[in-house]
Amino acid sequence: MSRVWNFSAGPAAMPQAVLERAQREMLDWRGSGSSVMEQSHRGKRFIAMAAQAETDLRALMGIPASHAVLFLQGGATQHFAQIPMNLAGPDDRADYVVTGHWGEKAVREAAPYVRVQIAASSGADKFRSLPPREGWTLDPSAAYVHYTPNETIGGVEFPDVPEVGDVPLVADMSSNILSAPIDVARFGVIYAGAQKNIGPSGLVVMIIRRDLLDRPRRPIASVLRYAEQAAHDSMLNTPNTWGWYMAGLTFQWLREQGGLTAMAERNRAKSELLYRAIDQSGGFYTNPVQPLARSRMNVPFWLRDSALDALFLEESEAAGLFALKGHKAVGGMRASLYNAVPLEAVEALVSFMWDFAHRHG
Ligand code: PMP
């Protein structure tokens, strides 16, 4: 069986070269006679691999020494709650900027642990735009400001990093981390579930400014405390060894591809191609997101006639275009164009879409 073009929103396509290398190393990793999954995380080989993964990530993103890198578990969802546990006391306030489903969820999960304030929301616009920065009501004494740089379901992405003054900026970068260069120094915390642009699920990569590890907080379990994890190189208990290894292979692959500048260029070309096909379809396909807020990673689109949805999915799958069904909350279609999705996949999708529109328009 040949591989399909995979547009899954997550767990998502991984670079074929990474999968092939993992396959080659599966039975005998680095001459050890066993797989990476069968070895102690305290062993020399694993520790060296883990350190190399961090070195490669630091090089890719230009992570300054002021920031620690953690390899955690629990998915981004767990960290919706764990972030206020670590960064705020129960009487502290935190500002949330909400631009879609995941921002709303972050608010709900944080609410038991911090006094959540909605500093801005594009909910009134059905999350089709970004709330203009001048309208945000930021509290200078907030413990942090949380936002979602890319909303995976709505397909809404911030084109740049918002200016929030001295309050630490916390970003759920689950669906656009590593998609373009960013200035890490501007963030207090960046966190991302791995299963889109990094590797398999079950791993969360967190980049956290070291001074935030020292915040006075409430008593919580040591395994949940970022300072403890940082002090133990994310090995307070057994980490997700397989996920960490796969993430490390992806970081190496990204460096070989020319790093994040090269990725940004590819991601721009892929998303422009698809948005052009939607916009030039004469209304057969639509994407209602404000042009400046359109995501380069997740492109939702709707057919004018939703009665054709099932046929579109059936025929696209038959053409080797996989996982285009939109999220159940919004319906329609969605193509996720993460780093591992090549331009060739988007060209195949666009050509299918033209053909389908031509036959049914
Ligand atoms: N935030 C964003 C932006 C996401 O896209 C997702 C997953 N689709 C999550 C959080 C939740 O991630 P997890 O399943 O790892 O908890």
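Residues numbered from 1 in each chain as written. Predicted model: local features only at pLDDT ≥ 70, side-chain atom pairs only at ≥ 80, totals over all residues. Heavy atoms only, no water.

**Quick notes on the nonpolar core**
Filter applied, for reference: To form a nonpolar core, buried Ala, Val, Leu, Ile, Met, Phe, Trp, Tyr and Cys residues must be joined to one another through side-chain atoms within 4.5 Å. Think of it in three bands: residues with accessible area under 20% of the maximum for their type are buried, residues over 50% are exposed, and the middle band is partly exposed, with areas taken using a 1.4 Å probe on protein chains only. Each helix is a run of DSSP H or I of at least 4 residues and each strand a run of E of at least 2, with the numbering of both proceeding from the N terminus. Throughout the structure description, domain borders are defined by an automatic or database domain assignment. In what follows, residue pairs with any heavy atoms lying within 4.5 Å of each other are defined as contacts.
Of all hydrophobic cores here, the largest spans 55 residues; its most connected members are Met-61, Leu-178, Ile-198 and Phe-251. If you tally residues by element for this core, the top one is helix α6 (residues 241-256), at eight residues. No fewer than three residues from each of domain 1 (17-256) and domain 2 (259-360) sit in this core. Sequence-distant contacts of Met-61, that is, excluding residues within four places in its chain, are made with Ile-177, Leu-178, Ile-182, Val-184, Ile-190, Ile-207 and Leu-260. Ranked by size, the runner-up nonpolar core spans 29 residues in total, among them Phe-284, Phe-312, Leu-349 and Phe-352.

**A word on the site of the ligand**
To keep it simple, the criterion reads: In these notes, residues near a molecule or strand are those with any non-hydrogen atom within 4 Å of it. Think of a polar contact as two N or O atoms within 3.5 Å of one another; within protein, one of them needs to be a possible hydrogen donor and the other a possible acceptor, and neighboring residues in sequence only count if both atoms come from side chains. For the area figures, the Shrake-Rupley method with a 1.4 Å probe applies, and any residue is considered shielded solely by the protein chains shown.
With respect to spatial proximity, 13 residues lie near the ligand, and among them Thr-77, Thr-152, Asp-172, Gln-195 and Lys-196 are the closest. Measuring from an oxygen atom of the ligand, one finds a backbone N or O atom of Ala-76 at 3.1 Å. Interatomic distance of 3.0 Å between a side-chain N/O atom of Gln-195 and an oxygen atom of the ligand. Burial of the ligand by the surrounding chains reaches 85%, relative to a free accessible area of 400 Å². If one sorts the elements of the shell around the ligand by residue count, helix α3 (residues 75-87) sits on top with four residues.

**Quick word on the pattern of salt bridges**
The criterion, for reference: By salt bridge we mean one thing: a side-chain nitrogen of Lys or Arg within 4 Å of a carboxyl oxygen of Asp or Glu.
In total, this model carries twelve salt bridges according to the counting rule given. With a closest N to O distance of 2.7 Å, Arg-255 and Asp-56 form a salt bridge. Here Arg-255, found in helix α6, pairs with Asp-56, found in helix α2 (residues 44-61); they are 199 residues apart in sequence, far enough to count as distant. We classify Asp-56 as buried; its relative accessible area is 3%. Look at the salt bridges and you will find they share partners, linking Glu-265, Arg-268 and Glu-272 into a network.

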